[in-house]
Amino acid sequence: MSDRRPNIVFMLSDDHAAHAIGTYGSVVNRTPHIDAVAVAGVRLDNLFATNSLCAPSRASILTGTYSHVNGVTTLDTFIDASQPTFVTALREAGYRTAFVGKWHMGQGSSGGVDHDPKGFDRWDALIDQGEYHDPRFLSADGLRVEPGYATDLITDLAIDWVESLDEGDHDGDGDGDGEKPPWCVLVWHKAPHRPWEPDAAHAGMYAEGGPAGGTPIPVPATFTDDLAGRSDTARRAAMRIADHLTEEDLKQPVPPGLSADEEALWKYQRYMEDYLACVASVDDNVGRLTAWLTDRGELDDTIVVYSSDQGFFLGDHGWFDKRFMYEESIRMPFVLSYPRAVAADQALDRIVTNVDIAATLLDAAGVDVPERMQGHSFWGDLTDPAGAQRDREREREGFYYRYWMHDDRSHQVGAHYGYRTHRYTLIFFYNDGLGLPGCSDRRFAQEWELYDLEADPEELVNVADDPSYAEMRDELEARMWLAQQEVGDDPHPDQPVPRLITEGGSVS
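Throughout what follows, the structure given in this document is the object of discussion. (Residues numbered from 1 in each chain as written. Predicted model: local features only at pLDDT ≥ 70, side-chain atom pairs only at ≥ 80, totals over all residues. Heavy atoms only, no water.)

Comments concerning the side chain of D309
Operational definition: Under the DSSP-based scheme used, a helix requires at least four consecutive residues in state H or I and a strand at least two consecutive residues in state E, with every element numbered from the N terminus. For the exposure calls, accessible area comes from a 1.4 Å probe over protein chains only, and a residue counts as buried if that area is under 20% of its type's maximum, exposed if over 50%, partly exposed in between. Identification of polar contacts relies on pairs of N or O atoms within 3.5 Å, with a donor-acceptor requirement for protein atoms, meaning one able to donate a hydrogen and the other able to accept it, and with residues adjacent in sequence counted only if both atoms are side-chain atoms.
Positionally, D309 belongs in the loop between β11 (302-308) and α10 (327-330). Residue class for D309 comes out buried when judged on its relative accessible area of 0%. Within the structure, D309 has its side chain in polar contact with the backbone nitrogen of D15 (distance 3.2 Å).

Structure below.
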């Protein structure tokens, strides 16, 4: 077995729901190249975002910290790029590093704080959300426009950078040879983020009569959910497919003469046709990268990761977008292959989060995890799954979630935090922006939600006030309080201390 440190290719898309990936059981599309990574390695079935929003999730992935620690709580709070990341740790350990694609955590500087990528030998970042066609890229050399389609270009630039490492004197002795240092490249796509603009090769792919279509795209069972079983906070959100998709999203006006139900279904089909076509381009580029690694003879020496910065609603509960601490929103796809150390065709159901990814990649590379990082490596679960299964305490697994961007101008989702175990999701909507950038100053009544995922996997019935769940709610409130303390976050001033904490009761 080679003792060479692994190369790392970390592909991250934006808003790619796990239930639009074949290996996760998609019924709406096919993703053969992403699936192939899972078959060659492992699929994580319970990896969750701790703040289901693009910039905050990306900051947590990079820094291995929660939003309140890395400072990226909303879309309008930009990163201090000088803080340690898994990339800076890799670089200090001798890795060559590069970033290509969607950064979305600020650009330039403000208040004396730099936001542009740091710790990279090369970086090429899209401006803000980025454009699908002929996108602008910012690098250390300045701003330029790259003609072409963003998903293809991001892959091109990543490959070009790695191939540029083939040249030169790697051991510094002047003879032009020497062993190349390991490298890490982040290939972070814009797609399939709104406004869902496919390239010519994939446009219409999932339209009725298209090459992957032929019949209408299946509609989620909860598409007509009236949200009667949820809180007022959920009902206030402006993310209904029927009401909040725009003509820019749909690329054409709604046909006249449709009933309200027919119009909602027509909008769903248009939305999904373009969304899935954008996903198809991402999948093809995953295949390009893995084929290129194979041609170079480096696939066995490379950790290949495909993930998304959070989940997404695909008509579930009649919604698009994310933000809420509900299953479709918080569940991140994550597949990884590394033939040298990770056995093929695995599935891991342990609960882990985006905060754990940084420590895991450093562990895989044999690099010490900076003390500041709050995440925990799950690398041992991938390389010794039988041992990890034997040693785990499944019923103790859970994670803390917090969405900060209260009553935002786009979707008006209320601020909340909560705790998720294998069976239950507890949510406290504190509904207060706390003066953070990107939040409104409106406050709403505080509300609790509790879902029994075993009895109600689609989260249709809020049992927070059901007497038969009172004991479990007490337990979960206490576990959430303790988890919040453990990560160093502060509860909202109006949240009561849980009864089991004040009474000194037992928390299992």
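Some remarks on the packing of aromatic side chains
Here is the rule we go by: The pairing test for Phe, Tyr and Trp rings, Trp by its six-membered ring, is centres within 6.5 Å, and the orientation test on the planes gives stacked under 30 degrees, edge-to-face over 60, and tilted for anything in between. Consider the ring centre and the ring normal. A charge sits over the ring if Lys NZ or Arg CZ is within 6 Å of that centre and within 35 degrees of that normal.
Tallying each qualifying case throughout the model produces 29 aromatic pairs. Between W319 and Y326, the ring centres sit 6.0 Å apart and the planes meet at 10 degrees, which makes this aromatic pair stacked. For the pair W319 and Y326, one class covers both residues: buried. Ring pairs connect the aromatic residues F10, F86, F99, W103, F120 and W188, which therefore count as one cluster. Here R230 stacks its cationic end above the ring of Y326, 4.0 Å away from the centre of that ring. Sitting above the plane of the W404 ring, R402 keeps its charged end 3.8 Å from the centroid.

A word on the environment of C278
Secondary-structure assignment places C278 in helix α9 (residues 260-296). You can call C278 buried: its relative accessible area is 0%. Taking the C-alpha atoms as reference points, C278 and H104, separated by 174 residues in sequence, lie 19 Å from one another.

Observations regarding the sheet that holds strand β17 (residues 416-421)
What counts, and what does not: Pairing between strands requires that DSSP locate at least two bridges from one strand to the other. Lines are fitted to the C-alpha atoms to define the axes, a helix being fitted only along its stretch in contact, and any angle between axes, read from their N-to-C directions, falls within 0 to 180 degrees.
The sheet built from four strands is open, its strands ordered β16-β17-β18-β19 with antiparallel pairing. The open sheet has two free edges, formed respectively by β16 (398-403) and β19 (447-452), since each of these has just one partner strand. Sheet twist, expressed as the mean angle between neighbouring strand axes with direction ignored, is 10 degrees. One ladder, built from five bridges, connects β17 with strand β18 (residues 424-429); its direction is antiparallel. Residue pairing across strands places Y417 opposite F428, the latter belonging to β18.

Here we look at helix α5 (residues 150-164)
Filter applied, for reference: Multiplying 1.5 Å by the residue count of a helix minus one yields the expected span of that helix.
The end-to-end C-alpha distance of α5 is 21 Å, a good match for the 21 Å that 15 residues give at a rise of 1.5 Å each. Every buried residue belonging to α5 is among A150, T151, L153, I154, T155, L157, A158, I159, W161 and V162, and all of these are buried.

Concerning the pattern of salt bridges
What counts, and what does not: Only one rule defines a salt bridge in this text: a Lys or Arg side-chain nitrogen within 4 Å of an Asp or Glu carboxyl oxygen.
Summed over all chains, the structure comprises 45 salt bridges. For D76, the salt bridge is made with R409, and the minimal N-O distance between the two is 3.3 Å. Highlighted residues: D76 in the loop between α3 (67-70) and α4 (86-92) and R409 in the loop between β16 and β17, separated in sequence by 333 residues. Across the pair R296 and E298 runs a salt bridge whose closest N-O atoms are separated by 2.7 Å.

Section: the packing of α5 against α9
This is how the line gets drawn: For this classification, under 35 degrees means roughly parallel, over 145 means roughly antiparallel, 65 to 115 means roughly perpendicular, and everything else is oblique. Left-handed describes a crossing whose near helix is turned anticlockwise from the far helix by less than a right angle; the clockwise case is right-handed. Any two residues whose heavy atoms approach within 4.5 Å are treated as being in contact.
Where α5 contacts α9, the two axes come as close as 9 Å, and the packing angle between them is 15 degrees. On the basis of the axis angle, α5 is roughly parallel to α9. Where α5 crosses over α9, the two elements pack in a sense that is right-handed. Contact residues: α5 offers T151, D152, T155, D156, I159, V162 and E163, while α9 offers S281, V282, N285, R288, L289, W292 and R296.

With respect to the packing of helix α1 (residues 32-40) against α9
In the contact formed by α1 and α9, the axes pass within 7 Å of each other and the chain directions differ by 50 degrees. Classified by the interaxial angle, the pair formed by α1 and α9 is oblique. Judged by residue contacts, P32, H33, I34 and V37 of α1 engage D283, D284, V286, G287 and T290 from α9.

Details of unusual backbone geometry
The linkage connecting A191 with the following residue, P192, adopts the cis geometry, with an omega of -5 degrees. Considering the arrangement of structural elements, one finds P192 in the loop between β10 (183-188) and α6 (232-236). Here R194 and P195 are connected by a cis peptide whose omega angle stands at 20 degrees. Structurally, P195 is set in the loop between β10 and α6. You will see that H104, though not glycine, has its phi angle at about 60 degrees, which is positive. For H104, the position within the fold is in the loop between β4 (96-101) and β5 (109-110). Residue H104 is classed as buried on the basis of its relative accessible area, which comes to 9%. The residue K251 is not glycine, and still its phi comes out positive at about 70 degrees. By secondary structure assignment, the location of K251 is in the loop between α8 (247-250) and α9. On the basis of relative accessible area, K251 is assigned to the partly exposed category, the value being 36%.

What to know about the nonpolar core
To keep it simple, the criterion reads: The nonpolar core is taken to be a set of buried Ala, Val, Leu, Ile, Met, Phe, Trp, Tyr and Cys residues, with the residues joined through side-chain atoms within 4.5 Å.
Counting residues in hydrophobic clusters, the biggest one holds 57 residues, and the most contacted among them are W183, V185, Y271 and Y275. Of all the secondary structure elements, the ones that give two or more residues to this core are β1 (7-13), α1, β4, α5, β10, α9 and β11. The element best represented in this core is α9, accounting for 14 residues. Ignoring sequence-local partners within four residues, the contact set of Y275 consists of D15, H16, A17, A20, P192, W196, F312 and L314.

Read these as geometric descriptors, not functional statements.
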